[in-house]
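# Examination of the molecular architecture
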Amino acid sequence: MKQVIAVIRSSQLDKVKEALVNSGIVGMTVANARGFGRQKGQTQKYRGQTYKVDFLPKIRLEIAVADDQVDLVIDTITEAARTGDIGDGKIFVLPIEAAYRIRTGERDDVALSSSEA
């Protein structure tokens, strides 16, 4: 099992979510995040004053999947989130030692599946 963490533009969330659901990925956690990478923030003007905004609003997606779904998730997110501009985001893949479904006590791949008994 793997955890895929994607940090994407806020404006791309609906497109990415729809693409993942259409690919058969049924569960994800979404959180607001702030950060910067190569774009190093941006400059904004407010009431004639110039301000440097170091941390830009982003969305952090966390998706736990079976090993054989990792490439599908990465390809789907990459395709849906890409605008071609600096700041499109990053994807990280981490190993998961164990996963448990609290309601039933199922674990690992069975706990990640969407089928209900």
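Only a predicted model underlies this, so the values are computations on that prediction, with no experimental measurement involved.

With that out of the way, let us pick up the overall build of the protein. Looking only at helices and strands, the protein features three helices and six strands. Counted from the first residue to the last, the protein has its helices and strands arranged as β-α-β-β-β-β-α-β-α. Within the protein, the proportion of its 117 residues that are buried is 26%. In the protein, the share of contacts with a sequence separation of at least 24, taken over all contacts with a separation of at least 6, comes to 68%. As displayed, the protein has an accessible area near 8100 Å², and 50% of this comes from carbon and sulfur atoms.

Inspection of the secondary structure assignment puts Asp68 in the loop between β5 (56-65) and α2 (70-81). Owing to a relative accessible area of 69%, Asp68 belongs among the exposed residues under this scheme. Along the sequence, Asp68 and Lys2 sit 66 residues apart, while their C-alpha atoms lie 9.4 Å from each other.

With that settled, the discussion passes to the confidence of the model for the protein. Across the protein, pLDDT averages 89, with 87% of residues at or above 70. No element of the protein has a lower mean pLDDT than strand β3 (residues 42-46), at 64, and none a higher one than α2, at 98.

This part is about the nonpolar core. Membership of the largest hydrophobic core comes to 16 residues, with the highest contact counts inside it found for Ile8, Val16, Val73 and Ile77. Of all the secondary-structure elements, those providing two or more residues to this core are β1 (2-9), α1 (13-22), β5 and α2. Residue contributions to this core peak at five residues, all from α2. The contact partners of Ile77, leaving out residues within four places of it in the chain, are Val4, Ala6, Ile8, Val16, Leu20, Ile63 and Ile91.

Right, let's talk about the sheet that holds β5 for a bit. Two orientations exist for strands paired in a sheet by backbone hydrogen bonds: parallel and antiparallel. Read from one edge to the other, the open sheet built from four strands follows the order β2-β5-β1-β6, with strand pairing classed as antiparallel. The open sheet has two edge strands, β2 (29-35) and β6 (89-95), and neither has a second partner. With strand direction ignored, the average angle separating the axes of adjacent strands in the sheet is 25°. Relative to β6, β1 runs antiparallel, the two sharing seven bridges. For Ile5, the partnering residue across the bridge sits in β6 and is Phe92. Together, β1, β2 and β5 form the strand contacts of α1, whose direction differs from that of β5 by roughly 10°. Taken strand by strand, α2 contacts β1, β5 and β6, and its axis lies near 0° from that of β1.

Attention now moves to the pattern of salt bridges. Applying the stated criterion across every chain, the model contains five salt bridges. The salt bridge partner of Arg107 is Asp108, with a shortest N-O separation of 3.1 Å. The class for Arg107 is partly exposed, based on a relative accessible area of 42%. Its relative accessible area of 23% is what places Asp108 among the partly exposed residues.

About the thresholds
Residue positions are given per chain, counted from 1 along the sequence in the order it is written. Whole-chain, interface and lining totals are the exception, using all residues; otherwise, since this is a predicted model, local features are given only for residues with pLDDT of at least 70 and side-chain atom pairs are given and counted only at 80 or more. Each side-chain value is derived from all of the structure's non-hydrogen atoms; neither hydrogens nor water enter the calculation. The numbering of helices and of strands both runs from the N terminus, where a helix is a DSSP run of H or I of at least 4 residues and a strand a run of E of at least 2. Whether a residue is buried, partly exposed or exposed follows from its accessible area with a 1.4 Å probe, protein chains only, as a fraction of its type maximum: under 20%, in between, or over 50%, in that order. Contacts between residues were defined by any pair of non-hydrogen atoms, one from each residue, lying within 4.5 Å. Only the protein chains shown count as covering a residue, and every accessible area follows the Shrake-Rupley method with a 1.4 Å probe. pLDDT is defined as a per-residue confidence score from the predictor, taking values between 0 and 100. To define a nonpolar core, start from buried Ala, Val, Leu, Ile, Met, Phe, Trp, Tyr and Cys residues and group those joined through side-chain atoms within 4.5 Å. Two strands qualify as a pair provided that DSSP identifies no fewer than 2 bridges between them. Between the N-to-C directions of two axes lies an angle of 0 to 180 degrees, each axis being a line fitted to C-alpha atoms and, for a helix, fitted only over the stretch in contact. Any Lys or Arg side-chain nitrogen found within 4 Å of a carboxyl oxygen on Asp or Glu counts as a salt bridge.

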